[in-house]
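# What the coordinates show
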Amino acid sequence: MAYLLWFFLGLFGAHNFYLRRTGVAITQLILSSIMVGMVVTIPWVIVEVFLIPGWVRHQNNLLAEQLGA
């Protein structure tokens, strides 16, 4: 799901909202709303594609701990 959000709405930080990285998501959303910020956001989102698996693994581990696994 995170990759789908990254692919379609990555410039707006949708995948970061999904992964509960709200501060980063809001920053990307604000930067994407201004044209100058796109210069920063586009490479940032490209790098994040390689970081998503670790973030998903982290969220899954947190959920497993909450469920008592």
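Just so you know, these numbers come straight off a predicted model, no measurement behind them.

## Remarks on the packing of helix α3 (residues 22-33) against helix α4 (residues 35-66)
- The interhelical angle for the contact between α3 and α4, taken along N-to-C directions, is 135°, at an axis separation of 6 Å. On the basis of the axis angle, α3 is oblique to α4. Contacts between α3 and α4 pair V24, T27, Q28, L31, S32 and S33 from the former with M35, G37, M38, V40, T41, W44, V45 and E48 from the latter.
- Along the lines of polarity and charge, the residues of the contact of α3 with α4 split into seven nonpolar, six polar and one charged.

## A short note on the side chain of Q28
- Along the chain, the position of Q28 falls in helix α3.
- The exposure class of Q28 is buried, given its relative accessible area of 0%.
- If we ignore the near neighbours within four places in the chain, the residues touching Q28 are G10, L11, G13, H15, N16, T41, W44, V45 and E48.

## Some details on the nonpolar core
- Core analysis: the biggest nonpolar cluster contains seven residues, these being A2, W6, L19, V45, V49, I52 and W55.
- The leading source of residues in this core is α4, at four residues.
- Beyond its immediate chain neighbours, meaning those up to four positions away, L19 contacts A2, W55, V56 and Q59.

## Quick notes on unusual backbone geometry
- Positive phi, close to 60°, is recorded for R20, a residue that is not glycine.
- According to the relative accessible area criterion, R20 is exposed, its value standing at 66%.

## Let's talk about α3
- Between the first and last C-alpha of α3 there are 16 Å, a value that for twelve residues agrees with the 16 Å anticipated at 1.5 Å per step.
- Within α3, burial applies to A25, Q28 and S32. Taken around the axis of α3, the buried residues stretch over an arc of 65°, which confines them to a single face. Relative to its buried face, α3 has exposed residues pointing more than 90 degrees away, namely I30 and S33.
- Where α3 is buried, its residues meet α2 (14-18) and α4.

## Structural notes on the packing of aromatic side chains
- Under the definition given, this model contains one aromatic pair.
- Ring plane angle 90° and centroid distance 5.0 Å describe the contact between F7 and F8, whose orientation is recorded as edge-to-face. Note on accessibility: F7 and F8 belong to one class, exposed.
- One cation-aromatic arrangement involves R21 over W55; the distance from NZ or CZ to the ring centre is 3.7 Å.

Rules used in this analysis
Residues numbered from 1 in each chain as written. Predicted model: local features only at pLDDT ≥ 70, side-chain atom pairs only at ≥ 80, totals over all residues. Heavy atoms only, no water. Axes fitted to C-alpha atoms, helices over the stretch in contact; angles between N-to-C directions. Helix = DSSP H or I, 4+ residues; strand = E, 2+ residues; numbered from the N terminus. Parallel < 35°, antiparallel > 145°, perpendicular 65-115°, else oblique. Contact = heavy atoms within 4.5 Å. Nonpolar A, V, L, I, M, F, W, Y, C, P; charged D, E, K, R; others polar. Buried < 20%, exposed > 50% of the residue type's maximum accessible area, 1.4 Å probe, protein only. Core = buried A, V, L, I, M, F, W, Y, C linked by side-chain atoms within 4.5 Å. Expected span 1.5 Å × (residues − 1). Arc of directions from axis to C-beta. Phe/Tyr/Trp six-rings, centres within 6.5 Å; stacked < 30°, edge-to-face > 60°. Lys NZ or Arg CZ within 6 Å of the ring centre and 35° of its normal.

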